[in-house]
Amino acid sequence: MAGLEQTRQLVTEIPGPASLELNKRRAAAVSHGVGITLPVFVTRAAGGIVEDVDGNRLIDLGSGIAVTTIGNSAPRVVDAVRAQVADFTHTCFMVTPYESYVAVAEELNRITPGSGEKRSVLFNSGAEAVENAIKVARSYTRKSAVAAFDHAYHGRTNMAMALTAKSMPYKSGFGPFAPEIYRAPMSYPYRDGLLDKELATDGELAAARAISVFDKQIGADNLAAVIIEPIQGEGGFIVPAEGFLPALLDWCRKNNVVFIADEVQSGFARTGAMFACEHEGAGGLEPDLICTAKGIAGGLPLSAVTGRAEIMDAPHVSGLGGTFGGNPVACAAALASIATIESDGLIERAQEIERLITERLLRLQAADDRIGDVRGRGAMIAVELVKSGTSDPDAELTRKLTIAAHAAGVIVLTCGMWGNVIRLLPPLTISDELLVEGLDILAGILGDL
């Protein structure tokens, strides 16, 4: 971070001339199927700042979609990666193994929720982790059906698309999808409360609604797994009502159904705990399997499935794997990332960021009825925007706010089934000053709109 000044600076319009030139090259060379949120091309990033080719410095409230949680090019990660690249870049763990893969598995077994014996397996992306968690669950239970939830997002591969709820842009035109996938209603306190106040606050009641779908449409004897994000990501940072997740887990345990927590976006200190499951119930939730990726390796591609040993050991030898899974450079980065979180107090930092953001947003909400809901945990906070005087989603206001924020040099992302949610995912290394400045800019734009 030493070389990158931690201040916002606009020297050109956004995007600037150099970015516009690179955009022409992108359009000519890259598939048009790849979308771009903000067409500025990056040269450096650190702390809470992203610098582009035109010399503009932007406040980063996105972390590359929750990946650079410990900050871009974190010092321990840079050192570990440099050392590993000099030693060897790849042998394939399935051919000739290496210690760092084992060390990452040991660390994941240590830090994930659950006190019993655990095993881990490493892959490249969140979607791959999800696909393999389903494989493991089916192998263990000898059953085939899988239940996911409304508003869910689990990735872009075939099985992960089938589990994902939102058609555009993730699923439209890409079918047919993996069969034996069912969908149950999610606990969505803000929207549930518009229909039934009790449903919004009573997680066990919301869970009973979902379980009735499992019983009627699938049958426990056919259901291999229930997969859920403890805090939904792309779906709108939905935090389920208290008691919802424990009730689902309890039903799964009684019916030999594997409970899979997809913590791809919410893991690794993002929510003010190492994993979002830890916020649930009295002593935290202990899922059977947990999928992780994104923040796991300080920006390098790595993912994992971690879970109860008896479940993880169910697949036959060589049934799990992949050429690049647990690449040694990514493993070195992961070990450095976990060390950074624990040594630098980043879980506590996420809690401080939550206080800063939510206090500000709740003040805004009190004065502006277009802010329907403020929700989330840690440095994973969302604002749901609605049309004034109603609860109707306002995707157009969300779009205008995002465009204006980008033009002002603040990187923000949207999400939600209706495209009406602004999600804030700052790196945990952002300064208070930059965070407050970013929020000030968003508040000012919302006032102008």
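Scroll up a little and you will see the structure.
Not measured: the values here are computed from a predicted model. (Residues numbered from 1 in each chain as written. Predicted model: local features only at pLDDT ≥ 70, side-chain atom pairs only at ≥ 80, totals over all residues. Heavy atoms only, no water.)

J.: Explain the pairing of strand 9 (residues 289–292) to me, please; I cannot follow it from the model alone.
T.: Side-chain positions along a regular strand alternate between the two faces of the sheet. Neither face of strand 9 is open: one carries L289 and C291, the other I290 and T292, and all of them are buried. Alignment of strand 9 against strand 10 (residues 303–308), held across four bridges, turns out to be antiparallel. Paired with C291 across the strands is V305, a residue of strand 10. (Buried < 20%, exposed > 50% of the residue type's maximum accessible area, 1.4 Å probe, protein only. Helix = DSSP H or I, 4+ residues; strand = E, 2+ residues; numbered from the N terminus. Pairing = 2+ DSSP bridges.)

J.: Where do I start with the pairing of strand 7 (residues 223–228) in this structure?
T.: With six of six residues buried, strand 7 is to be regarded as a mostly interior element. As judged from the three bridges shared by strand 5 (residues 145–149) and strand 7, these two strands associate in the parallel manner. Paired with A147 across the strands is V226, a residue of strand 7. The parallel pair strand 7 and strand 8 (residues 258–262) is bridged by helix 10 (residues 244–254), and the resulting crossover is right-handed. (Right-handed = clockwise from strand over helix to strand, strands pointing away.)

J.: Could you clarify how one ought to interpret the sheet that holds strand 12 (residues 380–385) in this entry?
T.: Pairing between the strands of a sheet comes from backbone hydrogen bonds, and it takes one of two forms, parallel or antiparallel. In spatial order, the strands read 11-12-15-14; together these four strands make up an open sheet with antiparallel pairing. Unpaired on one side and paired on the other, strand 11 (371–377) and strand 14 (413–415) mark the two borders of the sheet. Strand-to-strand twist of the sheet, defined as the mean angle between neighbouring strand axes without regard to direction, takes the value 25°. With six bridges joining them, strand 11 and strand 12 adopt antiparallel strand pairing. (Axes fitted to C-alpha atoms, helices over the stretch in contact; angles between N-to-C directions.)

J.: Please clarify how the environment of I260 should be interpreted in this entry.
T.: Tracing the backbone through its elements, the reader meets I260 in strand 8. The class for I260 is buried, based on a relative accessible area of 0%. With 35 residues separating them along the chain, I260 and A225 place their C-alpha atoms 6.9 Å apart.

J.: In this structure, what is going on with helix 9 (residues 203–218)? I would like to understand it.
T.: An α-helical turn contains 3.6 residues, so a residue and the one three or four places further along point in the same direction. Along its 16 residues, helix 9 runs 22 Å from first to last C-alpha, staying within 8% of the 22 Å computed at 1.5 Å per residue. Turning to helix 9, its buried residues number three or more, namely G203, A206, A207, A210, I211, V213, F214 and I218. Seen end-on, helix 9 carries its buried residues on one side only, within an arc spanning 145°. Among the exposed residues of helix 9, those oriented more than 90 degrees off its buried face are E204 and K216. Lining the buried residues of helix 9 we find strand 5, strand 6 (181–184), helix 8 (197–201), strand 7 and helix 10. Its side-chain oxygen at 3.0 Å from the backbone nitrogen of E204, D202 defines the N-terminal cap of helix 9. (Expected span 1.5 Å × (residues − 1). Arc of directions from axis to C-beta. Contact = heavy atoms within 4.5 Å. Polar contact = N/O pair within 3.5 Å; in protein donor to acceptor, adjacent residues only side chain to side chain.)

J.: Honestly, the packing of helix 14 (residues 395–407) against helix 15 (residues 432–448) in this entry has me stumped. Any pointers?
T.: When two helices pack together, you describe them by how their axes are tilted relative to each other and by the distance separating the axes. Here helix 14 crosses helix 15 at 130°, and the two axes come no closer than 10 Å. When the axes of helix 14 and helix 15 are compared, the pair comes out oblique. Considering the relative orientation of helix 14 and helix 15, their crossing is right-handed. Residues L397, L401, A404 and A405 of helix 14 touch helix 15, and the partners they reach there are L442, I445 and L446. A per-class count over the contact of helix 14 with helix 15 returns seven nonpolar, no polar and no charged. (Parallel < 35°, antiparallel > 145°, perpendicular 65-115°, else oblique. Left-handed = near helix turned anticlockwise from the far one by under 90°. Nonpolar A, V, L, I, M, F, W, Y, C, P; charged D, E, K, R; others polar.)

J.: It is not clear to me how the packing of aromatic side chains should be interpreted in this structure. Could you clarify?
T.: The relation between two aromatic rings is expressed through the spacing of the ring centres and the mutual angle of the planes. The final tally for this structure, using the stated rule, is eight aromatic pairs. Ring geometry for F93 versus Y98: centroids 5.6 Å apart, planes at 80°, classification edge-to-face. The class of F93 is partly exposed, set by a relative accessible area of 23%. Of the residues examined, Y98 reaches a relative accessible area of 9% and is grouped as buried. Grouping aromatic residues by their ring pairs yields a cluster made of F88, F93, Y98 and Y101. K171 extends its terminal NZ or CZ atom over the ring of F177, reaching a point 5.4 Å from the ring centre. Geometry around W418 places R191 over its ring, the cationic atom sitting 5.2 Å from the centre. (Phe/Tyr/Trp six-rings, centres within 6.5 Å; stacked < 30°, edge-to-face > 60°. Lys NZ or Arg CZ within 6 Å of the ring centre and 35° of its normal.)

J.: For this particular structure, what's the right way to read the pattern of salt bridges?
T.: It is possible for side chains of opposite charge to pair when their charged atoms get near one another. Here the structure, examined in full by the defined rule, presents 25 salt bridges. Between R399 and E396 there is a salt bridge whose closest N-O contact spans 2.8 Å. Of the two residues, R399 and E396 are both situated in helix 14; the distance of three residues between them amounts to about one turn of the helix. (Salt bridge = Lys/Arg side-chain N within 4 Å of Asp/Glu carboxyl O.)

J.: Is there a simple way to explain unusual backbone geometry in this structure?
T.: M168 connects to P169 through a cis peptide bond whose omega is 5°. Considering the arrangement of structural elements, one finds P169 in the loop between helix 6 (158–163) and strand 6. Each neighbour pair has its own omega, and for G175 with P176 the value is 0°, a cis peptide bond. When you line up the elements, P176 lands in the loop between helix 6 and strand 6. Even without being a glycine, A269 presents a positive backbone phi close to 75°. Within the secondary structure, A269 sits in the loop between strand 8 and strand 9. Taking relative accessible area as the criterion, A269 reaches 0% and is therefore assigned buried.

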